[in-house]
Amino acid sequence: MGIQDVMKKSFLEGFQNTEISVKTLVFLLIAAGLLGIYIFFVYRIVTSNTFYSKSFNVSLILMCVITTSIIITIQSSVVVSLGMVGALSIVRFRTAVKDPLDLIFMFWSISVGIICGAGMLGLAIILCVGSTILVLIFYYFPETRPSMILAVSAADNDCAEEIYTIIKKYDKHYIVKSRNLSKDCVEFLLEIRLKDREELLRDLSQVKAIISVSLISNKGEVI
């Protein structure tokens, strides 16, 4: 018997000897479901009402349970595992992720499902607790300079450089989101981070071509 035959035999026996009882299977799926529900509530707490998607949140629970089932199936048979890999490789997800935090929760749910499918429930619980602590600490960590949207309406486009010069005094890393030109006026939308709001508004009000200035917080409140 050659080396290839020995490796092939040991590889197949490693999969064929893996037997999971129905009791263990049900226990792992219930544990994955409970941890998925835990992720559901954590996502609901840290997500703002504006970007919250209930359908996405519910999918986190199902994703955790389904991933656990896939991992258990892969451990039971090498033939099934290869077929599963082939089937999953042709699946494409085209839904765009609106918030980077959603991607983190999706990966979190999949990871918990993989760990539960491997039978390491202790590690799955530790992962959930540690991830929750990190999310709560850094998500609610106060920002020294919160992001705001500055909307400026001016009579003509000639004052653009003057407006940018004034804003640069308070925030050198400002971002021009859009600039809309029309026959009557020009509108600027800029993302800025600053502390001295009143000083900025006072300097902009001195520009003769400016018609109106609005400062909007990231929560949609006009300042």
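Once a new chain begins, its residue numbering starts again from 1 and follows that chain's sequence as written. Only residues with pLDDT of at least 70 are given local features in this predicted model, and only at 80 or more are side-chain atom pairs given and counted; all residues enter the totals for whole chains, interfaces and linings. Only hydrogens and water are set aside; all other atoms, that is, all heavy atoms of the structure, feed into the side-chain values.

Novice: Looking at this structure, how should I read the sheet that holds strand β4 (residues 210-217)?
Specialist: Paired through backbone hydrogen bonds, the strands of a sheet run either parallel or antiparallel to each other. Taken in spatial order, the 4 strands line up as β2-β3-β1-β4 in an open sheet, and their pairing is antiparallel. The open sheet has two edge strands, β2 (175-181) and β4, and neither has a second partner. Adjacent strand axes in the sheet meet at a mean angle of 15 degrees, parallel and antiparallel pairs treated alike. In this sheet, strand β3 (residues 186-193) lies alongside β2 in antiparallel orientation, the contact comprising 6 bridges. In the strand pairing of β3, serine 178 is matched with leucine 189. Packing of helix α7 (residues 160-170) onto the sheet brings it into contact with β1 (147-154), β2, β3 and β4, and relative to β3 it is tilted by some 15 degrees. We call two residues contacting when some pair of their heavy atoms lies within 4.5 Å. Axis definition: a line fitted to C-alpha atoms, limited for helices to the stretch in contact. Angles are taken between N-to-C directions and run from 0 to 180 degrees. We count a stretch as a helix when DSSP gives it H or I for four or more residues in a row; a strand needs E for two or more, and each element gets its number in order from the N terminus. Across the face of the sheet, helix α8 (residues 197-205) comes into contact with β1, β3 and β4 while running at roughly 165 degrees to β4. Note: two strands are recorded as paired if DSSP finds a minimum of 2 bridges between them.

Novice: What is the right way to read helix α5 (residues 100-117) from this model?
Specialist: Residues lying three or four places apart along an α-helix face the same way, a consequence of the helix completing one turn every 3.6 residues. For α5, built from 18 residues, the straight-helix expectation of 26 Å at 1.5 Å per residue is met to within 8% by its first-to-last C-alpha distance of 26 Å. For α5, the full list of buried residues reads Leu101, Asp102, Phe105, Trp108, Ser109, Ser111, Val112, Gly113, Ile115, Cys116 and Gly117. After α5 finishes, the residue glycine 119 shows a positive phi value of roughly 85 degrees. Expected span of a helix: the number of residues minus one, times 1.5 Å. Burial classes: relative accessible area under 20% of the type maximum marks a residue as buried, over 50% as exposed, and values in between as partly exposed (1.4 Å probe, protein chains only).

The values reported here are purely geometric and, on their own, carry no functional implication.
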